[in-house]
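Next come the chains, spelled out residue by residue.
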Amino acid sequence: MKSLFEEFYFDNKNTDIWTNSVIVLDTNILLNLYRYSKETSEKLLNLLEKSKDRLWLPHQIALEFHLNRTNVILDQQTSYEKIKSILKKKSSEIDASLKKELGSYRKKHVTLSIDSIIEQIKSSIDSLAFAISKEQEDHPILLKNDHIKQQITTLFENKVGKPYIKKELEEIAKEADKRYSLEIPPGYRDASKKGAKYHNGEMILEKYGDYILWRQIIDYAIEKPNNIIFITDDEKKDWWYESKGKTIGPRSELLNEFKYKTNMEFYMFNSDVFMKEAGAIYSESFSDNTITEVKEVRSHYINFEQNDKELTQIHLSFQTRNFIHQEDVFDALDRFFHGRLGTLDIKKFTVIKGILVAEMFLNVSDSFDSEGRLAINEELEDHFDVYDVEFLEFKVVFLN
């Protein structure tokens, strides 16, 4: 009976798999190296270096990494400005609130200096903002000197699969559509995804990404028979089987298909399991704090992707006769989009002959109907009135 239904007797406790399987990293694992603290990122890279003889990367994952890397780096850099902007805003709010609520105690308690209390609180917030600014200065400018990319490039030299040609992609699209309609994993949860990637003259629709990488993993295991360990921080239900809110393991359909087509075994784990299990094999230990950080990063970006169904790309350009600070622009945009501003890439922010010229690209985790798109130019310009700036030009263009 077991031989007929091996996928239902799945054993993921065998530690031997870490020394006799090929390890495949999902795109999110590579991109999270930019989201972790410097110490955690270095520890994981060290583990990958020790595991390098067992690493392999599907072409689809390598492509997604290179296409998304810049946005992740910019997201980390803009976070500093967002945090400082929030602190600055809260400092002003606290100042006004405390002066109002504590004002009546100035005469009742002559031994208490209300102004001093307020000033100490404001000073603490200002100290935090200053510390964040210092950390921002120390943060590596990865767009100019990306040591993480350099290490990943070295690790996967001659270990990346080949892309599919046009005919193969057309066949895969037909097969994926059929599978998606029947909710056969993986990839059907992305059936409504929009957008496409262009590479080597071929158009790859976003919705087929997961199924393409699945096919590439299977093709590799057929060509070079190996058990596969897939490390991913994706927790979509078309990859994982869940019961009563608890993740049990890979979908049985995936285990069955992989075994049937390759006669090899397929394993799937999150990054923290990889760190613990492979770390023990290769003598690379990870502290509880490090594992907690990894779990928190995964949780944050899973929730972000689940809650934000659609990402809208916007090009914003404007000119003003008077100056406005970058942090004020961050603050205004974040409030206008009700906290749904994802990334903000400033391409130009300079004064030319007394005129501030600004150009930036925004990713907003929201959709906009036709009426909203027509009204946003005027609404957004009016939103900046609080900063008392005179716009000479203001233009909003939706890119998708």
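Predicted model, so just to flag it, every value in this text is computed and none were measured. (Residues numbered from 1 in each chain as written. Predicted model: local features only at pLDDT ≥ 70, side-chain atom pairs only at ≥ 80, totals over all residues. Heavy atoms only, no water.)

Caption draft 1: Molecular detail of a negative patch on the surface. Residues D369, E371, E378, E379, D382, D385 and D388 make up a contiguous surface patch of negative charge. Tracing the backbone through its elements, the reader meets D385 in the loop between α14 (370-383) and β12 (391-398). (Patch = residues over 30% accessible without salt bridge, like charges linked within 9 Å, V, L, I, M, F, W, Y side chains within 5 Å. Areas by Shrake-Rupley, 256 points an atom, 1.4 Å probe, with all protein chains shown as cover. Salt bridge = Lys/Arg side-chain N within 4 Å of Asp/Glu carboxyl O. Lys, Arg positive; Asp, Glu negative; His and termini not counted. Charge placed at Lys NZ, Arg CZ, Asp CG, Glu CD. Helix = DSSP H or I, 4+ residues; strand = E, 2+ residues; numbered from the N terminus.)

Caption draft 2: Structural detail: the packing of helix α9 (residues 209-223) against helix α10 (residues 252-262). Running from N to C, α9 and α10 cross one another at 35°; their axes reach a closest spacing of 9 Å. Regarding α9 and α10, the two cross each other, and that crossing is right-handed. Two secondary-structure elements touch here, α9 through W214, I217, I218, A221 and I222 and α10 through L254, E257, F258, K261 and T262. When grouped by side-chain class, the residues that make up the contact of α9 with α10 number seven nonpolar, one polar and two charged. (Axes fitted to C-alpha atoms, helices over the stretch in contact; angles between N-to-C directions. Left-handed = near helix turned anticlockwise from the far one by under 90°. Contact = heavy atoms within 4.5 Å. Nonpolar A, V, L, I, M, F, W, Y, C, P; charged D, E, K, R; others polar.)

Caption draft 3: Expanded view of empty space enclosed by the protein. Under the definition given, this model contains one cavity of 30 Å³ or more. Its boundaries defined by the atoms lining it, the largest cavity holds a volume of some 30 Å³. If you go around the largest cavity, the residues you meet are D26, D210, L213, F230, T232, D234 and W239. Of the residues belonging to the lining of the largest cavity, the class tally is three nonpolar, one polar and three charged. (1 Å grid on protein atoms, 1.4 Å probe; cavity = no way out; pocket = protein on both sides within 12 Å on 5 of 7 lines; lining within 4 Å. Points joined across faces, edges and corners; volume = space filled by probe spheres on them.)

Caption draft 4: Quick look at the sheet that holds strand β1 (residues 21-25). Within the open sheet, the four strands sit side by side as β2-β1-β5-β8. Their pairing is parallel. In this open sheet, the two strands that pair with only one neighbour each are β2 (55-56) and β8 (266-269). Pairing of β1 with β2 involves two bridges; the strand directions are parallel. What sits directly across from V24, in β2, is W56. (Pairing = 2+ DSSP bridges.)

Caption draft 5: Up close: the environment of E296. By the secondary structure assignment, E296 is in helix α12 (residues 288-307). According to the relative accessible area criterion, E296 is exposed, its value standing at 52%. Separated by 260 residues in the primary sequence, E296 and Y36 have C-alpha atoms spaced 9.8 Å apart. (Buried < 20%, exposed > 50% of the residue type's maximum accessible area, 1.4 Å probe, protein only.)

Caption draft 6: Structural context of helix α8 (residues 166-181). With 16 residues, α8 should reach 22 Å at 1.5 Å per residue; the first-to-last C-alpha distance of 23 Å fits that figure. Every buried residue of α8 is accounted for by L169, I172, A173, A176, R179 and Y180. Along α8, the residues classed as buried sweep out an arc of 135° about the axis, all on the same side. Exposed residues lying more than 90 degrees from the buried face of α8 are K167, K174, K178 and S181. The inward-facing, buried residues of α8 abut β4 (202-205), α9 and α10. Count one or two residues on from α8 and you reach E183, which has phi positive near 55°. (Expected span 1.5 Å × (residues − 1). Arc of directions from axis to C-beta.)

Caption draft 7: Up close: the environment of I228. By the secondary structure assignment, I228 is in strand β5 (residues 227-231). On the basis of relative accessibility, which here comes to 0%, the residue I228 falls in the buried class. Separated by 206 residues in the primary sequence, I228 and V22 have C-alpha atoms spaced 5.0 Å apart. Residue contacts for I228: discarding those within four places in its chain leaves S21, V22, V24, I217, Y220, A221, F258, E265, F266 and Y267.

Caption draft 8: Representation of the packing of aromatic side chains within the structure. A complete count under the given rule lists 18 aromatic pairs for this structure. Taking the centre distance of 4.9 Å and the plane angle of 80° together, the rings of F391 and F394 count as edge-to-face. When sorted by exposure, F391 lands in the same class as F394, which is buried. One aromatic cluster in this structure is built from W214, F230, W239, F258 and F266. Positioned over the ring face of F286 is K43, at 5.4 Å from the centre of the ring. (Phe/Tyr/Trp six-rings, centres within 6.5 Å; stacked < 30°, edge-to-face > 60°. Lys NZ or Arg CZ within 6 Å of the ring centre and 35° of its normal.)

Caption draft 9: Seen up close, unusual backbone geometry. A cis geometry characterises the amide bond from P185 onward to P186, with omega recorded as 0°. Phi is positive for N263, close to 60°, though the residue is something other than glycine. Structurally, the position occupied by N263 is in the loop between α10 and β8.

Caption draft 10: Layout of the pattern of salt bridges. One pass over the full model with this rule turns up 15 salt bridges. The partner of R298 in a salt bridge is D233, with the nearest N and O atoms 3.1 Å apart. Of this pair, R298 sits in helix α12 while D233 is found in the loop between β5 and β6 (240-243), placing the two residues 65 residues apart along the sequence. Across the pair, D233 and R298 agree in class, each one buried.

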